[in-house]
Amino acid sequence: CTSRRQRQMCIRDRCSIELVGQDHPGIVHDITEVLARLGINVEELETTVRSASMSGESLFVAHARILVPADVSTERLRHEMEDLANELMVDIDLDE
């Protein structure tokens with residue numbers, strides 16, 4: 001799996017990502033930038049913004065189904081998602 005096309009064909013796993021956090025401009029870009037850097041393909045992405053029950057702030061909620069290439073370990077993916085969650089101050093759950 002050396003070329004981009006070959007990497008897309010060498011899928012190791014399908015995973016789901018759930019993300020909830022305060023909405024801000026560029027949040028989708030921030031998420032997809034990390035996934036693209038890892039060569040991860042987004043099969044499906046659903047997003048919505050809703051009002052937080054207590055504060056009334058805008059909450060960004062996303063669900064994504066992703067295809068993880070064979071050369072990206074589960075540990076690396078988890079580490080990248082944890083770093084992103086800390087940077088954006090959001091909750092991210094990764095289900096394999």
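What you are looking at is a predicted structure, and each value in this text was computed from that prediction instead of being measured.

Chemist: So what's going on with the overall build of the chain? Which residues, and what values?
Modeler: Helix and strand content of the chain: three helices and four strands. Reading the chain from its N end, one meets helices and strands in the order α-β-α-β-β-α-β. For the chain, with 96 residues in total, the buried portion stands at 33%. Across the chain, every contact between residues at least 6 apart in sequence was considered, and the portion connecting residues at least 24 apart equals 70%. Total accessible area computed for the chain in this model is approximately 6100 Å², and 46% of it derives from carbon and sulfur atoms.

Chemist: Help me get a handle on helix α2 (residues 27–37), residues and values and all.
Modeler: Among the residues making up α2, those that are buried are I27, D30, I31, V34 and L35. What you see down the axis of α2 is that its buried residues fit within an arc of 130 degrees, all on one side. Once α2 ends, the next one or two residues include G39, with phi positive near 75 degrees.

Chemist: For the nonpolar core, give the residues involved together with the corresponding values.
Modeler: Ranked by internal contacts, the top residues of the largest apolar core, which has 23 residues, are I17, L19, I31, I66, L77, M81 and I92. Sorting the residues of this core by element identifies β1 (11–22), α2, β3 (58–69), α3 (74–88) and β4 (90–95) as the ones contributing at least two each. Discounting chain neighbours no more than four positions away, the residues touching M81 are I17, V34, L35 and I92.

Chemist: Pulling in residues and values, what's your account of the packing of α2 against α3?
Modeler: Contact geometry of α2 with α3 gives a least axis separation of 11 Å together with a crossing angle of 160 degrees. What the angle tells us is that α2 and α3 run roughly antiparallel. Two packed elements cross with a definite hand, and for α2 against α3 that hand is right-handed. Here I27, D30, I31, V34, L35 and R37 of α2 come into contact with α3, specifically with E80, M81, L84 and L88. Classifying every residue of the contact of α2 with α3 by side-chain character gives seven nonpolar, no polar and three charged.

Chemist: Which residues make up α3, and what values do they have?
Modeler: With 15 residues, α3 should reach 21 Å at 1.5 Å per residue; the first-to-last C-alpha distance of 21 Å fits that figure. Taken together, the buried positions of α3 are T74, L77, E80, M81, L84, A85 and L88. Looking straight down α3, one finds that the buried residues subtend no more than 135 degrees of arc, so they occupy a single side. Residues of α3 that are exposed and point over 90 degrees away from its buried face: E75, N86 and E87.

Reading the values: rules and limits
Residues numbered from 1 in each chain as written. Predicted model: local features only at pLDDT ≥ 70, side-chain atom pairs only at ≥ 80, totals over all residues. Heavy atoms only, no water. Helix = DSSP H or I, 4+ residues; strand = E, 2+ residues; numbered from the N terminus. Buried < 20%, exposed > 50% of the residue type's maximum accessible area, 1.4 Å probe, protein only. Contact = heavy atoms within 4.5 Å. Areas by Shrake-Rupley, 256 points an atom, 1.4 Å probe, with all protein chains shown as cover. Arc of directions from axis to C-beta. Core = buried A, V, L, I, M, F, W, Y, C linked by side-chain atoms within 4.5 Å. Axes fitted to C-alpha atoms, helices over the stretch in contact; angles between N-to-C directions. Parallel < 35°, antiparallel > 145°, perpendicular 65-115°, else oblique. Left-handed = near helix turned anticlockwise from the far one by under 90°. Nonpolar A, V, L, I, M, F, W, Y, C, P; charged D, E, K, R; others polar. Expected span 1.5 Å × (residues − 1).

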